[in-house]
Amino acid sequence: MASAGLDGDGDLDLVTANFIDGTISILFNNGDGSFTNDVIYPAGVEPASIAIDDLDDDGDLDLVVSSGGGEDFNGTLPGTVSVLLNAGDGTFPDQTTHGLGIDPFSVDLGDLDGDGDLDMAVAVRGSNAVQIMINNGDGTFDVGDPVPAGDFSAFVVIGDLNGDGDLDLAVTNWTEDVVSTFLNNGGADFAPRATYPVGDGPLGLALGDLDDDGDLDLAVAILGPNDNLGDTVAVLVNHGEGAFANPVAYGVGNVPSSVTIADVDSDGDSDLTVTSLYDDTLSVLLNNGDALFADEVNYSVGNGPAFVAAGDFDDDDDLDLAVVNEFGNTVSILPNQGDGTFIIVVSFELERPRAASVGDLDGDGDLDIAVATAPTARTMGIISVRFNDGDGNFADETIYEAGDSPTVILIEDLDGDNDLDLAVTDQTFGEVMILLNKGDGAFAGKVAYPVGIHPMSMDVGDLDGDGDADLAVANLDSGNVSILLNNGNGTFADDETYDVGGGLFAVPYDVILGDVDGDGDLDLATANPKPFNMSVLLNNGDGTFGNEVIYPFILPKLLHFGDLDGDGDLDVVVVDLVSIWVSLNDGTGLFTEPVPYTSCLGVSSVTLNDMDGDGDLDIVATDFSYVVAVLPNNGDATFSPAEFFRVGSLPTVVAIGDLNGDGALDAVVTNIFGNNVSILLNRCADIPADLDGDGTVGASDLLILLVNWGRCGDCDDCPADLNGDCTVGASDLLILLDNWG
């Protein structure tokens, strides 16, 4: 994978090599760190490495792809290097291919012969050599002399190792357990190699000035066993003349495959990021400034992370990370929070996920996930249950049948036995399915209850005041709401229906429950895109409902109750095709004129939760533009502009809960077109110096610190003492300013 501005719009795009398909994918940046669907170009057999630069000196960026070749019925197919010249707009109509023997694995670009244009160095594993390709100045290449490079030469990088102005080579030799360097005598004439032992199985390689002395050091990903520097990243410091010190190893994940050098915490020195292929993590090691590194911080990414690239993808002046997940066929984007910590986006593959809910299903104190999926050509709809290990990681799924087309899944104790059961709607058969928990997170077979035609939405609550959980279901094509009263043991009486929408042809799309009039029982509201209104039905106190009150909206489809202004009554958020509307309760159960907040392409789900820990309810919505939008509440039911977090393709449902036990609310998102589920772990709980808990460090935090300046009266209760020395002083002020924003 590589990143660069390919289409000339000023932001960084991504290019990935698709090993199985024999293609490359280009993902263009929308300017905010989210990316369009990929544009695909053929790239030989088993493409493995990409380099980007201006090869023909026309001012735009071109591509080079090395492809290892493979085998067919006629024998071994030779490897190739493909050159794709940019037409100037991010398209690549011209491709030239060069045959390069067996298994060219990686490629790098640099002016090796000193004539002002960019040449190529290609590590050819099957030939145990680095093939030099000399640029003619127009993006066409002549095949130069191969440089003998030792056994299984895997990764090659180009840089001036000895400070003489010529570009040298460094190569990992996997089977020899060394890194080889080749000093350039000028004109792409290379001296014999020097070798440096680094431990078993060196693979990924990067160059950068790690100790800030002006020369290029080496970082190497080591795959081999732990007793010989394995599962580490090794740092070799340059003595200044292209000779390197013995390696210093730092532990990372299982089977590290690639390493990148970049200043991710913006402190002026170069840090390390390492992908680990077999434990699905990315490790970040921050530099202390002298080529000594802090312990790794690990971030869960996709399945089989193979390569990492750094770049400012969201244009906020810090370096974000992009990871290619080889086994999962995905790319993970980790936005930088400005200090070298990253917003975590975890995903797991699941075909056609449609709805999700969270709850402690196995009674171990952490939140598990239940996901309902749409039917496929091979299966009916299913419920996938994944158990949390306590750290926000989820075990393999347990599957339960869920009818033909499940749309909503709710988690609640339906039979009063203190464990959490499941309720699922089935659109096709017009049913609600109940799956009772056996007490250990395993579920009994489903029991179905008929409701109306095309049940689209469902909510749960004690409607008749008898202490158990009842259900309300919006039936899209019946124009009504079904009420299912619980018999107290998880079985339900036949449904009672209530027409909504104020007339014929109503289409209730969503139903929610809440005590809007403050009389102690649960009322209901429905969003009716036809005939363009919201219905509110007040509860008579026994689970029956009075006449509806109608509020006009243009194509409303989603609702959520919550006390947005802190006055003790329930306000409502209403979502239509393009906007999020906030309507406040006047205290009697009537709602005021709504205030709009604009979305992106269109909201697909909405919920209210205190995401920034400041005590009021924020709006969380999934949007068709492949993002989760969070609108922070200012405390008075007005909302700041949305903050966007990239997830998968067509996110449809968001569920909220503290998945990793850090006190901050995380998000689970089903991506129906992406066939996966994204987990966004909230980092607000980890923000140093956020003294008022609003998710940012600003003037109010500075004021708290200044008010508490001096010796702490109680060392155990002194929140402004950021460095733990029982005194609020200059060092605490520096910590606060370093985390400002």
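Preceding this section is the structure that the text describes.
All of these numbers come straight from a predicted model, not from anything done at the bench. (Residues numbered from 1 in each chain as written. Predicted model: local features only at pLDDT ≥ 70, side-chain atom pairs only at ≥ 80, totals over all residues. Heavy atoms only, no water.)

**So, the sheet that holds strand 29 (residues 330–334)**
Strands belonging to one sheet form pairs held by backbone hydrogen bonds; the direction of such a pair is parallel or antiparallel. If you walk across this open sheet you meet the three strands as 27-28-29, and the pairing is antiparallel. The open sheet has two edge strands, strand 27 (305–311) and strand 29, and neither has a second partner. Sheet twist, expressed as the average angle between the axes of neighbouring strands with direction ignored, equals 20°. With six bridges connecting them, strand 27 and strand 28 (residues 320–325) associate as antiparallel partners. Each bridged residue has a counterpart across the sheet, and for F307 the counterpart in strand 28 is V324. (Pairing = 2+ DSSP bridges. Helix = DSSP H or I, 4+ residues; strand = E, 2+ residues; numbered from the N terminus. Axes fitted to C-alpha atoms, helices over the stretch in contact; angles between N-to-C directions.)

**Details of the pairing of strand 39 (residues 455–461)**
Strand 39 sits mainly inside the fold: seven of its seven residues count as buried. With six bridges connecting them, strand 39 and strand 40 (residues 470–475) associate as antiparallel partners. Considered in strand 40, the bridge of P455 is made with N475. (Buried < 20%, exposed > 50% of the residue type's maximum accessible area, 1.4 Å probe, protein only.)

**What about the state of the cysteines?**
Inspection of every chain in the model, using the stated rule, returns one disulfide. Two residues share a disulfide in this structure: C712 and C718, whose sulfurs sit 2.0 Å from each other. Measuring the twist about the S-S bond at about -65°, one finds the C712-C718 disulfide to be left-handed. Summarising the burial analysis for this pair, C712 and C718 share the class buried. (Disulfide = S-S within 2.5 Å.)

**Some words on the sheet that holds strand 32 (residues 368–373)**
Reading across the sheet, the four strands line up as 31-32-33-34 and stay open at both edges, with antiparallel pairing between neighbours. Edge positions in the sheet fall to strand 31 (353–359) and strand 34 (398–401), since each has one partner strand and no second. Averaged over all pairs of adjacent strands, the angle between their axes in this sheet comes to 20°, without regard to strand direction. Summarising the sheet, strand 32 and strand 33 (residues 382–386) pair through five bridges and their orientation is antiparallel. Within strand 33, the residue paired with V371 across the bridge is S384.

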